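Each chain, written out:
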Amino acid sequence: MNKKIVAMSAMSLVLSVSFSEVVFAEAVTSVVPVSDAPQVAPATPDAPSVADTGKGGATKKMLGEVVVTSTTIDDRFESKRGEASNVSNISGRKVDEEHGKNIVDVLESIPGVTAEVQSGDSVKIMLRGVEAQRYMGEKPGVAIVIDGVPVLERTGRVNIDLDNIDSIKVIKGGASYLFGEDALSGAVIITTKRGAKMAGYTVSTEVGSFGYKKGLARAGFTKGDFVGHIQASKASADDYYDQGAYSRQYVDGKLQYLIDDTSDVTFGFENSKRAKDSHGSVRGVTQALIDPRSASATAGKDYARKYDIQLDKLNLAYAKDFGDASNLLVNTYSFTDHTYGWSNPSGFLRNASCPNTSVAALPSCNMSNIADAYVSGVDTKQVQRGVKAELRKGGEKVGLMSGLDFQHFEEKSVSTNLVDYTSRNTAVGAANPLNLAGTVTSDNLSTSNTKALYGEFKWQFAEALTATFNARYDNILAKYSSNIPLTATQIAQGRSTTGQKTFNVWSERAGLNYALAEDREVYSNISTGFRVPTLSQLYGGTISPTGSVAANPDLKPEHSINYEIGVRGKAELMGVPLDTDVAIFQLDRNDFILNTGGQYQTSPTGVTEQYQNIGGVRNRGLELGAKTDSRDTWSGDLAYTYLKAVFTRNDTYWMSMGTRSVPLPSVLYNNTGKTVPRSPAHKLNLTSRYRATSALSFTGEMNAQSGSYADEVNVVWIGGRTVFNLTANYDVKTEGGFKWAAFARLDNVFNRYYYSTIRGSSDSNGDGVYNAEDPSITVNPGRVWTMGVSAKF
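What counts, and at which threshold
- Residues numbered from 1 in each chain as written.
- Predicted model: local features only at pLDDT ≥ 70, side-chain atom pairs only at ≥ 80, totals over all residues.
- Heavy atoms only, no water.
- Pairing = 2+ DSSP bridges.
- Helix = DSSP H or I, 4+ residues; strand = E, 2+ residues; numbered from the N terminus.
- Axes fitted to C-alpha atoms, helices over the stretch in contact; angles between N-to-C directions.
- Salt bridge = Lys/Arg side-chain N within 4 Å of Asp/Glu carboxyl O.
- Buried < 20%, exposed > 50% of the residue type's maximum accessible area, 1.4 Å probe, protein only.
- Disulfide = S-S within 2.5 Å.

**Considering the sheet that holds strand S16 (residues 281–283)**
Inference 1: With antiparallel pairing, the 3 strands of this open sheet are ordered in space as S16-S40-S39. The two strands at the open ends of the sheet, each matched to only one other strand, are S16 and strand S39 (755–759). Strand-to-strand twist of the sheet, defined as the mean angle between neighbouring strand axes without regard to direction, takes the value 25°.
Inference 2: Of the strand pairs in this sheet, S16 and strand S40 (residues 776–779) are connected by 3 bridges, and their pairing is antiparallel. Each bridged residue has a counterpart across the sheet, and for Ser-281 the counterpart in S40 is Thr-778.

Right, dumping it as structure tokens:
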């Protein structure tokens, strides 16, 4: 059974592991209720461009019976035949027709994907519920790769230009066997637009709710052996939230040179500039109800504001087809993230109106009550550079791929006091020192250098049965240095301004694929992921002049292991052809890193804070996807996820009570057996399309999810929600090749009130009780409309 090769792939390793047993404890329920995937066959994909079909590694070839289709560099094709993992694809055409506000609107159609939208198009993507308990800018546990570039933004979120997406591929389950660190639960691989289909000129404009406006211009060409395009876009809005105005602009493009009939080289670039103020947080459900726009400073404040972000991405890729089912891919890249913002709105001002004596009776000196009062300005610059190379060989019974990955990462972060302040409202003195504006409180440089070797072995050892084995070995050297000098006392305490650690980590996948028929197959695999400790977790306060966390240089990398089995293929329902994919999975993490003093807490007196490998989580679930032919008059898609995410070990969780000025005894919780917060058990996306004419189509979408807890202690419960969206698209193409299009989109048609985010971790209002009045909440803006027109000629 001949199969087509995608001239792009890559991967990693083999392992076998036994399932561990766990007892699920009953969760505490002090409840406060509140109210594309791929275009499937038989749909025809976009016709390939000259650049996509004529040269180098970009060519689909008829090969032998075994083909390697894994890659960390490029992903132009959607084939899942013979794949041992749960993989979903979304075409660029679907992304364009969605007209979404952010990538979440696109990824809703993939089972197992959840995301936290901070605002606009700033998104934290999560797979299978992994890392749902964390929200302070940590890595998401998902590898985000754009044109082969691993994108690690400072905020732990990702900003993506939806106008420049050619395809999206989502791999679920541990994926460090391909992508290395942080692919604990999978990877999202995005390929940007390219090829001859971009030739010509395109202009578009959009308007929408809350002063939203956007404009885009694109020019593309094909001339001789060159194919390329460049586009620029700009968007801005006043936003729903008070002080929530934002703007963003992109300039990006791609140039491809066809060297000869067997090779090409492609240069891609992207520059984006963003400005974003408040995200609209309020404290507690009462304030969320009476002040959903976060217009009152006393309602609670965002921990961070006034973000200015500049992102620059460059990559240069070379593809060579050697014939005989073998090819070479090489990619070099550079990604820079320069972010500045305010952080930490807690403390007490000291100025002419707020004297150095006690200010306990002066609420106007409490920064929590002042909209624009923040302690720190944080200036951070991240640089990622690297080179990857992959060599692939297909054959009658065996397919092979080997790869090299060299990465350099560095982060320079400087924090400066923005105001004169003290931590407490008592008189300034030795117990409550004055912190002066302009003082540099931290000046750190963190680096990591990764050298990795990875590969895939694919063996068809029976007519219908194919085995896939992957392995990746990472050598990671992490270093840290601080430019803040230590005092003699601090040196005597054993503090240092430098630290370093080397990690050597293996990652693996072993999988089977059994073809039940030409259009139906069973797949299963065991795969792994890992994340190395940060240097601050390793060395704690010993590399900080003022830190109080004890060092633990023996910390080990966190690991995940994913087990899954699934069936995909074609079926019929009442005579309607369907593409279906259903999988069950279990993803275990038995050594994730926790602070013994609690998460995002101030440790109680007598408790030594230290990061240790003392956390455990088990995520189990079922994912079901079904799609029909979108070209039919009536068509529809379904994506359903069942998830049970439970802490298997989290027995030392201290929750702070009271305020910094009037602290109360912290409360110790044992969260073992409790449900991971913000991980709803049921999630359903239904899409229905009606093509009234060849030019006019209507799409209705329903997104529903069950309730979830807002906190790790399972005290505050938030009810489920169901939201409906509508989209209309009108496309006309004239005989002369001129094409124009118009769309209108209405989100949250019935203006459903719900929370976009809710996070609880402490007694934030200081009343000595943790309840529904303490979590930080962002209320969804409600019904939102967008419309636009575009022309291509």
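**Observations regarding the pattern of salt bridges**
Between side chains of opposite charge, a pair can form when the charged atoms approach closely.
Inference 1: Taken as a whole and assessed by the stated rule, the structure comprises 41 salt bridges.
Inference 2: Residues Glu-131 and Arg-531 are paired through a salt bridge, measuring 3.0 Å at the closest nitrogen-oxygen approach. Taken as a pair, Glu-131 in the loop between strand S5 (122–127) and strand S6 (143–146) and Arg-531 in strand S26 (residues 520–531) lie far apart in primary sequence, 400 residues in all.
Inference 3: Given the relative accessible area of 8%, Arg-531 is considered buried.
Inference 4: Linking Lys-214 and Asp-163 is a salt bridge whose minimum nitrogen-to-oxygen distance equals 2.6 Å. Residue Lys-214 is located in strand S12 (residues 212–223), and its partner Asp-163 is located in the loop between strand S8 (158–159) and strand S9 (165–172); the two are separated by 51 residues in the primary sequence. Accessibility assignment for this pair places Lys-214 and Asp-163 in one class, buried.
Inference 5: One salt-bridge network, held together by shared partners, links Lys-94, Glu-98, Lys-101, Asp-105, Arg-745 and Asp-747.

**Observations regarding the sheet that holds S9**
Inference 1: Reading across from one edge, S3-S9-S10-S6-S7 is the order of the 5 strands in this open sheet, with mixed pairing throughout. On the outer flanks of this sheet lie strand S3 (87–91) and strand S7 (149–150), each paired with one strand and no other.
Inference 2: Pairing geometry for S6 and S7, over 2 bridges, is antiparallel. Bridge pairing in S7 places Ile-146 opposite Val-149.

**A look at the state of the cysteines**
Inference 1: This model, assessed by the stated rule, comprises 1 disulfide.
Inference 2: Residue Cys-354 pairs covalently with Cys-365 via a disulfide, S to S 2.0 Å. The sign of the S-S torsion, about -100°, decides the handedness of the disulfide formed by Cys-354 and Cys-365: left-handed. Placement of Cys-354 in the loop between strand S19 (348–349) and strand S20 (376–393) and of Cys-365 in the loop between S19 and S20 is noted, with a sequence separation of 11 residues between them.

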